[in-house]
Each structure stands twice: as C-alpha cells, then as structure tokens.
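What the coordinates show
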Number of protein chains: 2
Amino acid sequence: MNQSHEAILVVAASTINADMYYASRFLAPDPFIFLQTTSRKWIAVSDLELDRARAQAAVDEILPLSRYSERLRQQGSLEPGQAELIAEILKERSIGTLLVPASFGLELADSLRSRGYRVNFKKDPFWDERLRKSAEEIAHMTQALRATEEVLELALETIRQSTIRNGLLYQGSQPLTAEGLRRLIHHGLLDRDCVAEQTIVACSDQGCDPHEEGKGPLLPHQSIIIDVFPRSLGSRYHADITRTVVKGTPSVELKRLFDGVLAAQEEAFSRIKAGVTGQEVHEAVSSRLERLGFQTGEVNGRQQGFFHGTGHGLGLDIHELPRLGKGGGVLQSGNVVTVEPGLYYPGIGGVRIEDVVVVREEGCENLTRAPKVLQL
Amino acid sequence: MNQSHEAILVVAASTINADMYYASRFLAPDPFIFLQTTSRKWIAVSDLELDRARAQAAVDEILPLSRYSERLRQQGSLEPGQAELIAEILKERSIGTLLVPASFGLELADSLRSRGYRVNFKKDPFWDERLRKSAEEIAHMTQALRATEEVLELALETIRQSTIRNGLLYQGSQPLTAEGLRRLIHHGLLDRDCVAEQTIVACSDQGCDPHEEGKGPLLPHQSIIIDVFPRSLGSRYHADITRTVVKGTPSVELKRLFDGVLAAQEEAFSRIKAGVTGQEVHEAVSSRLERLGFQTGEVNGRQQGFFHGTGHGLGLDIHELPRLGKGGGVLQSGNVVTVEPGLYYPGIGGVRIEDVVVVREEGCENLTRAPKVLQL
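Chain A is annotated in an unreviewed UniProt entry as Aminopeptidase P family protein of Tectimicrobiota bacterium.

As structure tokens, then:
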C-alpha cells in the first residue's frame, strides 16, 4: 500500500477550537475531521451535519462519515471508532504522514501511530496566517469594538447618572452593583449581536486582582475597572476594551496610578511596530512604570504593581499570539494585539486601560475610540 | 532519582474543559495545571491567578508557577516552557507515571515522554463520577431547566399573541422572525443568569436540518422548532429543552409527526432505567417510529425521518456521556440524559420534543415540566 502522501489533520469542535473554525469556516458543537493536502481540503461530518456543512464549509468536499462506517461494518468492524474512520479516509488518499496541532488529542494520536501513521505536531500558531489579520478580519474586529464602545458608554452613563448616598452609588432607590452593571453590559452586547461572559466590573481593592469579576455595591471615590471582551456572534472575532473610572473624587494616589498607566500605554504605542519583539515592548512598559516610581513585587504574600503582561493577540481567540510580555516574539505587520498596562495597589485601588491596535511596518494603528477619562 | 509515584495530570483551560472545571472548581480562561495523587490535589497557576485560585479552587494546595520558573532560570534555563515547569513539579513529588485525559495535548505528551515520563491516557469519561450526578448537580440542572422553561414560555406567548397576515406572523407592525425570537430568548436567559448561543428557532423546512439555527420570518400553519440549551452562569450546568409549535392550523401530516414523536418519547421513558443500554433505548425508539409508519433514509441526497440519536448525557458539557444512540453503553442510576426524538420530512416540516431525565434503578424521572402542545 502506498501511503507516501502527507496531510494536515485537525479533529476538534469548531465552537471551542479557533484553528478548526479558521480552517473550515464551519461551526459545529461536536468534533469533526478536517483534512488538507497541498491541493485539496475536506471535512468529514456525521449525517446530522451534512446539510449545514455543504452550505457553509469553506472546503473542496464534504465527506459523510456514514460512508466510511458502513464500509468498515461491511468489512466486519462492529462499531468503528474515530481512529478507524480516519484511517479509512487516509487510506483512500494514500496519506501516511500527518501534521496536527500541538493540542491534538493524545488518544487519537497514539491510536493513529499504532496503526503505522507518522503523526507530527506543529507548535502554535498552527495556521501562521491567523497572526496576520486580513482587512476583512480587521473590519470584523473593528465592528465588535464599536459595539463594545457603545455598550461601555451605556455603563459609564449609568455610573455618571448615579447618586452618592451613604457611601454607596444609587441608581434611583437601588444601590448600583457590579452584578447590575455587568447584566446591563451583557444585554447591551446581545442587542448588538455580541456575547460576553465574565465581564469585569471590579471596584476598589477588588480590582487589585486583575481577573476578579467583581461583586456587590459600587463605591464612590474608588476605582471601578470595567473590562469587556465580547465575541461577535456573526464573525466570531473578539473585541477587548478596559476603562477605569471613578464616580466622585479620586484620591491623589489613584490619579497618579491613572496617569502612570496612561503614560505606560503611550510608551507601548510608541514602541510597537513590525520587527520589535513583544518582550521588548513589555520591558519598555515595565521600565517606564518603574521610572515613574511604581514598584512591582510581592507584599504580604500578594503581588502588587504591574504583574501581568502588557497585552496579547486578539482574533478568533480572546488570547492568541503574539504576546506582549515575557518571551513575546517578533511582531509582524497585521498582528492585532491588546495594549493593557495596569497598576494594582491594595488600599489605593486598581487601574487598567486597554486598547486594541494593529501592528504596522512603521508603528501601530489604534482601533479603539473610547475616551480615557478617570473622573465621571 | 526516585520517580516511582503515579499521578493524574490535566492541563487545560477550565472555561472550555469541563473535566478541568470538575476537578478544580476553578474557572480560568487560560490553561493551568491540575495534579492529583492518591492523597493530594494541586493546581499550578500564574501569579495573575493566584488570589482567585486560593479563594476558589477545591484543591489542597495552590502552586505558584513563578516559583518553578525562577528555580529553572537559576539553573540556567532562559525561558522555561510548560513541559519543563511540569517536570520540575513532578520531580519534587517523585512522580514518574501520569494518567491524562484522552484529549490531552500531543505536544505536551510527547515532550513529557521524551523526558522519560510514562504518559497514559484514560478513555472518556475521564472522571467516572461525572456520569452519576449528585443531588446538588441535579438541583443545579433543575434550576437551569426552570429558567429555560420560563423563557420558553415567553417565546411561546409571543408566538401565541402574534397575528397572521399576508402569510406571515406579525408582532404589532413587524413580522415575527427567528432572529427576533432568538434574541428574546437570549435576553430572557441573561435575566435568569443563564447564557445560550445558537438557540434554534427553525420554521417549516428549515427545521428539517436538526442543527439549522433558523432565520427570517416565522410562518403560520408551519412547524416551529425551538431548541434552547443554556448554561447556568453560576453553576455552569446545562439545561436542554425542545418544543415544536404551530401558530394557526397544522396540516394533518404535521399532526401525525407530532403524535409520533410524542409516542417515541414515551417509548424511551418506559425503557430508560439502570442496566439498560443507551443503544437499546434508541433502537426501541427507532422501531416504534418505524412501526408507526415513519421511514428513515436518504431521499434526493438528504436524510429524512429520524436520523439522529435519541439523546445525550447532559451536565457541565452540553453533550457528554452516556449516549442514547448507536454504541450507547449501559445506563447507570444518576445519569442525566436528554430524550429528544424527532421526525423531519421536507414539505411537511420538522418536529422534535426534548426533555431531560434522571436515570433511576427502576425507571427515569423527568426533570422537565414545560407542556407539550402543538397548536398555539
């Protein structure tokens, strides 16, 4: 048997695997099979998905899995498993060597290897071209950003219109809460065909844990970090914006954090361009904050200062390559990254400001328009 | 070096990997490390997640990844990768053999194997106990079902209140559309702290493709399949309910499909109990539909009749074990499964009815309360 040919193989559910969605442009909640040679692309799906796959998938041919399971049953296999079905598809095309994603499942890899196939993984990014966004992809993300900005403005307007009483913010007779503001944001996003979860509305020291969602009443004169990172339901591309605001009067220390984070973000903008590494950008941001007198490190068993990366790639995944942080590689024209320095000091509060930019040959282009104003 | 000990290792983001969430009860959007020996459970996370992990994770100890990367840097490693960090954690505990999920990533598995570790996968289910739901898990799912039923009733009431004009359904002066009803459902779910995507509102022949979301104006006298499968934001458990309705007068043929699907569902209810296989339940449902005269097979290159499984396990994942379908194994007390027979005939329409039941020793308990009425 001649199994001299090579192919790319991905087996995943495209609802949670962006490499699969990028390759197939077919959205399915259960794992299916994507196969690509130098000249042709296939997906293999169950009968249940055939109609939709034929209408939607950006491949040359849709293979009904039932065709292969019937054939295997006729050959005496009682209940053909995934590896057996894939082997049958590969045999038909004389494919013996497979390139798979780094995240390819071990059970299937071991099973294919034990059948004599060479299975090699490719380190992330699996599709290099996912890193350099096309004009269409940038348009999708810009659309998601505009929707996010509208909804962010609804949230800020709600805080602006709130009244300060008894050390709390009130919307009419009810205290304004993180949960209430999060719900308002999620409804607003749905109205714009976007979906978000775990939106951060973190007030005061809650905001000092950068991934804390936030809960309970929002307080006057304290930092409120709002970090919204929805996915567009239509395009599946993400937006990601953070603003930090205060209703009432921020402390002098908090204003200093805000100005420091703004300066750190400007530092990043001035550094980002094709050819620079993500690590260099991050180091420049860290140094700028240090020079401004903001210290980073553990105090009483808790990190404070600037202790996360400067940003991350954004696209079909909310966190993708390249990284602006330790180990972040060379930036390329067309990369889309967040720029989100932050400062966190329990007792003063947290400040993070986040925009989304496109890397260009000579600099970066900020896709975000939301204003940056601390005091509402 | 003594590396004689064994451990379970999972490396995944718990937002998309239910096995990881089940093990750690810690929700994080980026991959982290879970390790379990016979006596102890750990997770290893970045500094960014330390505070939240300490507050939330159901493990014995939280390991800061930075501790290991610093140690490795001191030993001369410039930018320690994931496998190197894990090896360092394993070495400290004399662990040489690892049991990992079937979906464990190939890059990491190969990298650990090349360092001398034995890496064996366990076929799904990775955590056997995920299949037998506790009273608490059933309460979470019942809560999600109640929320879903309330929202389903909002949608049905909207259809009920619509008026028939010019061959369309109108809500006031606007045609009632699949998109509009889907949006109403999603907002209603958000109000109840649930989140759904790809909710199906598929009218007439659109409903003959069981995974078609549906689009455009809803039509009178035609089947409208509404399939809602949200996740509770609090508990992360799912609900899954389908109802099929008609505004106006259903055809005689459509009524026959509806009665057939109801009978098929009753057939399943009467069969489901501990000890029976999912395949047996599915075969009983298929036979019942055949005996009622409903034929299944390909017509003009398209599947029609009853061409999907009878149901699937439901829990932290929307599709999990056990299956009620071909190859479905022995049911156990405490399994929670959907029961969702359907009939699809282009020209007549599609009908699917779906409830969620708990498998018990002597039968099944239906957790779903939503009424089953074809004509609104």
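1. Side note on the relation of the copies chain A and chain B
Of the two same-sequence chains, chain A is brought onto chain B (RMSD 0.0 Å, axial shift 0.0 Å) by a rotation of 180°. The relationship between the two copies is best expressed as a two-fold rotation axis. Take the interface residues of chain A: 100% of them recur as interface residues in chain B, which is what a same-surface contact looks like.

2. Digging into the UniProt feature "domain: Peptidase M24" (unreviewed entry) in chain A
Feature annotation in UniProt assigns "domain: Peptidase M24" (unreviewed entry) to the following positions: residues 140-361 of chain A. Spanning residues 140-361 of chain A, this segment combines 32% helix with 27% strand, and its end C-alpha atoms are found 21 Å apart.

3. Examining the sheet that holds strand S11 (residues 200-203) of chain A
All names here are of chain A. Taken in spatial order, the three strands make up an open sheet running S11-S12-S14, and their pairing is antiparallel. Of all the strands in the sheet, the pair left with one neighbour each is S11 and strand S14 (241-245). On average, each strand axis in the sheet is inclined to that of its neighbour by 10°, with strand direction left out of account. By the bridge criterion, five bridges tie strand S12 (residues 224-228) to S14 in an arrangement that is antiparallel. Bridge pairing in S14 places isoleucine 226 opposite arginine 243.

4. Looking at the interface of chain A and chain B
Taken residue by residue, the interface counts 49 residues in chain A and 49 residues in chain B. Taken together, chain A and chain B are joined by 10 salt bridges. For glutamate 107 of chain B, the salt bridge is made with lysine 123 of chain A, and the minimal N-O distance between the two is 2.8 Å. Taken together, the links from chain A to chain B amount to 29 residue pairs in polar contact (both at pLDDT 80 or more). Elements that contribute at least two residues to the side of chain A that touches chain B include exactly helix H2 (50-56), helix H5 (106-114), strand S6 (118-122), helix H7 (178-191) and strand S16 (302-304) of chain A.

5. A look at the sheet that holds strand S1 (residues 5-12) of chain A
Residues and elements named next belong to chain A. Judged by pairing direction, the sheet is mixed, and its six strands sit side by side in the order S4-S3-S2-S1-S5-S6 without closing on themselves. The sheet terminates laterally at strand S4 (61-64) and S6, the two strands that pair on one side only. Averaged over all adjacent pairs, the angle separating strand axes in this sheet is 30°, with direction ignored. Bridge analysis of strand S2 (residues 32-36) against strand S3 (residues 41-45) gives four bridges, and the strand direction is antiparallel. Within S3, the position partnered with phenylalanine 34 by the bridge is isoleucine 43.

6. Observations concerning the packing of aromatic side chains
One pass over the structure, following the stated rule, counts 10 aromatic pairs over all chains. Residues phenylalanine 126 of chain A and tryptophan 127 of chain A carry aromatic rings whose centres are separated by 4.9 Å and whose planes lie at 75° to one another, so their mutual orientation is edge-to-face. Residue classification places phenylalanine 126 of chain A among the buried residues on the basis of a relative accessible area of 4%. What makes tryptophan 127 of chain A buried here is its relative accessible area of 7%. Arranged with centres 5.4 Å apart and planes meeting at 70°, the rings of phenylalanine 26 of chain B and phenylalanine 32 of chain B form a pair that is edge-to-face. Ring-pair connections join several aromatic residues into one group, and the members of that group are Phe34, Phe126 and Trp127 of chain A.

7. A look at the pairing of strand S12 (residues 224-228) of chain B
All names here are of chain B. The element S12 is largely enclosed, with a buried count of five among its five residues. Residues Ile224, Ile226 and Val228 point to one face of S12 and Ile225 and Asp227 to the other, with burial holding for every one of them. Where strand S11 (residues 200-203) lies against S12, four bridges are found, and the strand directions are antiparallel. Across the sheet, alanine 202 pairs through a bridge with isoleucine 225, a residue of S12.

8. Quick notes on the side chain of threonine 148 of chain B
Residues and elements named next belong to chain B. Among the secondary structure elements, threonine 148 is positioned in helix H6 (residues 135-161). For threonine 148, a relative accessible area of 1% corresponds to the buried category. Residues in contact with threonine 148, not counting those within four places in the same chain, are Leu189, Val228, Pro230, Ala239 and Ile241.

9. A closer look at the packing of helix H3 (residues 65-74) of chain A against helix H4 (residues 82-92) of chain A
Pairs of packed helices are described in terms of their axes, by the angle between the two and the distance that separates them. Residues and elements named next belong to chain A. Interhelical geometry of H3 versus H4 gives an angle of 95° and a closest axis separation of 10 Å. With respect to H4, the axis of H3 lies roughly perpendicular. Between H3 and H4, the contacting residues are Leu65, Tyr68, Ser69, Arg71 and Leu72 on the first element and Glu84, Leu85, Glu88, Ile89 and Glu92 on the second. In the contact of H3 with H4, the residues fall into five nonpolar, one polar and four charged.

10. Let's talk about the pattern of salt bridges
Tallied over the entire structure, the rule returns 58 salt bridges over all chains. The partner of arginine 71 of chain A in a salt bridge is glutamate 88 of chain A, with the nearest N and O atoms 3.5 Å apart. Taken together, the positions of arginine 71 of chain A in helix H3 and glutamate 88 of chain A in helix H4 put the pair 17 residues apart, joining distant regions of the chain. On the basis of relative accessibility, which here comes to 26%, the residue arginine 71 of chain A falls in the partly exposed class. In this structure glutamate 88 of chain A comes out as buried when scored by relative accessible area, which is 6%. Close ionic contact of aspartate 128 of chain B with lysine 122 of chain B constitutes a salt bridge, the shortest N to O distance being 3.2 Å.

11. Quick word on the pairing of strand S1 (residues 5-12) of chain B
All names here are of chain B. The element S1 is largely enclosed, with a buried count of six among its eight residues. Relative to strand S5 (residues 95-101), S1 runs parallel, the two sharing four bridges. Counted as the bridge partner of isoleucine 8 is leucine 99 from S5. Judged from the five bridges that link them, S1 and strand S2 (residues 32-36) form a sheet pairing that is antiparallel. Counted as the bridge partner of leucine 9 is leucine 35 from S2.

Conventions and cut-offs
- Residues numbered from 1 in each chain as written.
- Chains lettered and ligands numbered in written order.
- Predicted model: local features only at pLDDT ≥ 70, side-chain atom pairs only at ≥ 80, totals over all residues.
- Heavy atoms only, no water.
- Least-squares fit on C-alpha atoms with pLDDT ≥ 70 in both.
- Contact = heavy atoms within 4.5 Å.
- UniProt positions renumbered as here; feature names shortened; annotations may be inferred.
- Helix = DSSP H or I, 4+ residues; strand = E, 2+ residues; numbered from the N terminus.
- Pairing = 2+ DSSP bridges.
- Axes fitted to C-alpha atoms, helices over the stretch in contact; angles between N-to-C directions.
- Salt bridge = Lys/Arg side-chain N within 4 Å of Asp/Glu carboxyl O.
- Polar contact = N/O pair within 3.5 Å; in protein donor to acceptor, adjacent residues only side chain to side chain.
- Phe/Tyr/Trp six-rings, centres within 6.5 Å; stacked < 30°, edge-to-face > 60°.
- Buried < 20%, exposed > 50% of the residue type's maximum accessible area, 1.4 Å probe, protein only.
- Parallel < 35°, antiparallel > 145°, perpendicular 65-115°, else oblique.
- Nonpolar A, V, L, I, M, F, W, Y, C, P; charged D, E, K, R; others polar.

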